[in-house]
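Spelled out from the first residue to the last, the chains are:
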Amino acid sequence: MSTRIYDSPLRYDLQIIASWIQPGSKVIGLGCGEGDLLDFLKRHKQIHETGIEIMEERVAVCIEKGLSAIQGDIFEEITDYPDDAFDYVILSQTLQQVYEPLELIRSMMRIGKKVIVSFPNFGHWHVRLQVLTCGHAPVTPQLPYQWYDTPNIRVISIKDFRKFADQVGFRILREVAINTDNYERTGSNVRFLPNLMATYGIYMIGRKK
Amino acid sequence: MSEYITHDLTGETIGQVEKKFFTFAEPPHEMVLDSGARLGPITLAYETCGTLSAEKDNVILVLHALTGDSHAAGVYGPNDTKPGWWDNMIGPGKGIDTDRYFVICSNVLGGCMGTTGPSSMNPKTGKPYGMDFPFITIADMVRAQKALLDHLGIEKLLSLIGGSMGGMQVLQWAVQYPEMVYSAIPLATTMRHSALAIAFNEVARQAITADPHWNNGRYYGGQKPDLGLSVARMIGHITYLSDEAMRSKFGRRLQDKDDFSYNFEGDFQVESYLRYQGAKFVERFDANSFLYITKAADYFDLSSFHDESSGVKVFSRAMARFLVVSFTSDWLYPTYQSREMVKAMKKSGLNVSFCEIEAEWGHDAFLVPNERLTNLVKGFLDSVYQNIR
């Protein structure tokens, strides 16, 4: 089933994240790119936004759009904010690219009341099939890189993330598994065998009470 | 800071502008300076472009760097071929769009382009102040600008923008009169001079004071310390460029010759460039002003304002939204100094944006036409203006 949450040019996974944000809240996007999500949230939900992005060309696009954005490394930039500085801390499709995911998630939990994380699901059948049948590192529409040029240095599946939450000790507040291509504006939520059938996992997590 | 080296004559210019003067602090109501000294009367030279809105909510104050002046944009007359120092940024449809905003730029206190400085007449003696001119600070410059805005009936600034020492004034404004400032754009600047920056300024000052014509500042009406001032300017120009910029601009190329001359007349293009810049500078700048203004920049330390012990605390006074910009090849005020500023702003809970622009032109990059910078300024101002309306 194909659904659209907003009539917007936002990517489907970002539409899901957008639907979770309360109007008027303080939101920081880590690795915010050109600020599509923050811009959407600012227009439609009147959020107070901050973006962190390392690439000059991208952070410049954010600022030109009128967004507040800082060029810098997310690990360094995050340390400057006081505890609970934000209502939401968003890390969209970047977790699989960070060197110290646990440290990052702990920092995100410190500066924000709620943390939203999304990542490509390495448990998807397409990935499994390629490894099994062809015996090479998987290359899929969601993971289009070769082993030698991929920025994705962490292999995470939906199953892994759930286990990680349990072991590290944070609560999963919301969970959605989706099927979509990277540039698809539409997608569908996967409820049946998500770790096998979904291309992306999107989570809202919080501290254990 | 090498104002007037680069012009973008392709864009539409604002056209004719007029230098105006405002005099205040007439005795016995002299302005009390940071040093404790009193100064008055004070005249400020200023220029405006664009139209002040009925709500007076579209004012942008432009702060110039060390050797700049009030002539930020436009020309003085139909035959004037030399537009203001930031004509590529200020004008109709430009980064600071004069179709929308009312732009004010005044010459700094201590300057020599129409504002009271060491070359001005000391009313007590009837002669130029010279070394009797009191020491001034960046905060004093800002105090004088505030008096001008009061005179113009302006209570709120949509934005403040300036590079280098102009950026110091932007920062000072944001903490000295926080309730007046909606937004601020410090470019290629710092919260305090590094030892390196002070060192270059000190060598430049010594070049002036070592010139016998300097005569302890009493040279008005006689021979001026042109040699010392031109050497000071050459030192400045070295710090405004970068290794990369010098390599591409000059390399080891020779000036008008194929072989070494084996004398000290100057062989290399870079030597010729520096000599030219030095010679040109003495025609328009006063050596004593250079001494006083560089000292003000060296004394500047935002974190010591109101005896605050840290940058974080000092920014907790500020209310403005900030856009901080640095340039990759700027070794006078390197990016780490802008990052330090951004960090302090973040810790104070301020709304701040930051971009480090890849540019080879060293510290001068903020004055050179740069599409990225123009678009950043434009987008930021648009957004601030939209928010307050």
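Definitions and limits used
Residues numbered from 1 in each chain as written. Chains lettered and ligands numbered in written order. Predicted model: local features only at pLDDT ≥ 70, side-chain atom pairs only at ≥ 80, totals over all residues. Helix = DSSP H or I, 4+ residues; strand = E, 2+ residues; numbered from the N terminus. Buried ≥ 20, exposed ≤ 12 C-beta atoms within 10 Å, placed from the backbone. Contact = placed C-beta atoms within 7 Å. Pairing = 2+ DSSP bridges. Right-handed = clockwise from strand over helix to strand, strands pointing away. Nonpolar A, V, L, I, M, F, W, Y, C, P; charged D, E, K, R; others polar. Expected span 1.5 Å × (residues − 1). Axes fitted to C-alpha atoms, helices over the stretch in contact; angles between N-to-C directions. Parallel < 35°, antiparallel > 145°, perpendicular 65-115°, else oblique. Left-handed = near helix turned anticlockwise from the far one by under 90°. pLDDT = per-residue confidence, 0-100.

J.: Tell me about the overall build of chain A, and please be specific about residues and values.
T.: Tallying secondary structure elements over chain A gives eight helices and eight strands in all. In chain A, which comprises 209 residues, the proportion classed as buried is 44%. Across chain A, contacts joining residues at least 24 apart in sequence account for 61% of those joining residues at least 6 apart.

J.: Please give an account of the pairing of strand β14 (residues 352-357) of chain B that cites residues and values.
T.: All names here are of chain B. In terms of residue burial, β14 counts as a mostly covered element, since five of its six residues are buried. One ladder, built from six bridges, connects strand β13 (residues 321-327) with β14; its direction is parallel. Paired with phenylalanine 322 across the bridge in β14 is valine 352. Chirality of the crossover, the property in question, places the unit of β13, helix α9 (residues 335-347) and β14 among those that are right-handed.

J.: Talk me through the interface of chain A and chain B; I want residue IDs and the actual numbers.
T.: Counting residues at the interface gives 13 residues for chain A and 20 residues for chain B. For the side of chain A that touches chain B, the secondary structure elements donating two or more residues are α3 (56-64) and β3 (69-71) of chain A. Broken down by element, the residue count for the side of chain A that touches chain B peaks at five residues, all from α3 of chain A. Residues of the side of chain A that touches chain B, tallied by class, amount to six nonpolar, three polar and four charged.

J.: Residue-level account of helix α7 (residues 287-299) of chain B, with values.
T.: Residue and element names in this part refer to chain B. Here α7 is 13 residues long and its end C-alpha atoms lie 19 Å apart, about the 18 Å a rise of 1.5 Å per residue gives. With ten of 13 residues buried, α7 lies mostly within the body of the structure. Within the sequence span of α7, burial applies to Ala287, Asn288, Ser289, Phe290, Leu291, Tyr292, Ile293, Thr294, Ala296 and Ala297. Close packing links the buried residues of α7 with α1 (138-152), α2 (165-176), α3 (195-209) and α4 (226-240).

J.: Please set out the packing of α3 of chain B against α4 of chain B residue by residue, giving values where relevant.
T.: Residues and elements named next belong to chain B. Running from N to C, α3 and α4 point in directions that differ by 165°, and their axes come no closer than 7 Å. With respect to each other, α3 and α4 are oriented roughly antiparallel. Here α3 and α4 pass one another in a crossing that is right-handed. Contacts between α3 and α4 involve Phe200, Val203, Ala204, Ala207 and Ile208 on the former and, on the latter, Gly228, Leu229, Val231, Ala232, Ile235, Gly236 and Thr239. Looking at the contact of α3 with α4 residue by residue, the classes come out as nine nonpolar, three polar and no charged.

J.: Which residues make up the packing of helix α1 (residues 12-20) of chain A against helix α2 (residues 36-45) of chain A, and what values do they have?
T.: Residue and element names in this part refer to chain A. Where α1 contacts α2, the two axes come as close as 10 Å, and the packing angle between them is 40°. Our classification of the angle between α1 and α2 gives oblique. Regarding α1 and α2, the two cross each other, and that crossing is right-handed. Across from Leu14, Ile17 and Ala18 in α1, the residues of α2 making contact are Asp36, Leu37, Phe40 and Leu41. Partitioning the contact of α1 with α2 into residue classes produces six nonpolar, no polar and one charged.

J.: How would you explain the pairing of strand β2 (residues 48-53) of chain A if you had to name every residue and give the values?
T.: Residues and elements named next belong to chain A. Burial runs high along β2: five of the six residues are buried. Crossover connection from strand β1 (residues 26-30) via α2 to parallel β2: handedness right-handed. Inspection of the sheet shows β2 paired to β3 by three bridges, in the parallel sense. In the strand pairing of β3, isoleucine 52 is matched with isoleucine 70. Each parallel crossover has a hand, and for β2 linked through α3 to β3 it is right-handed.

J.: Requested: an account of the confidence of the model for chain B, with residues and values cited.
T.: Per-chain confidence: chain B averages 94 in pLDDT, with 96% of residues scoring 70 or above. Here the predicted complex carries an ipTM of 0.93, next to a pTM of 0.94.

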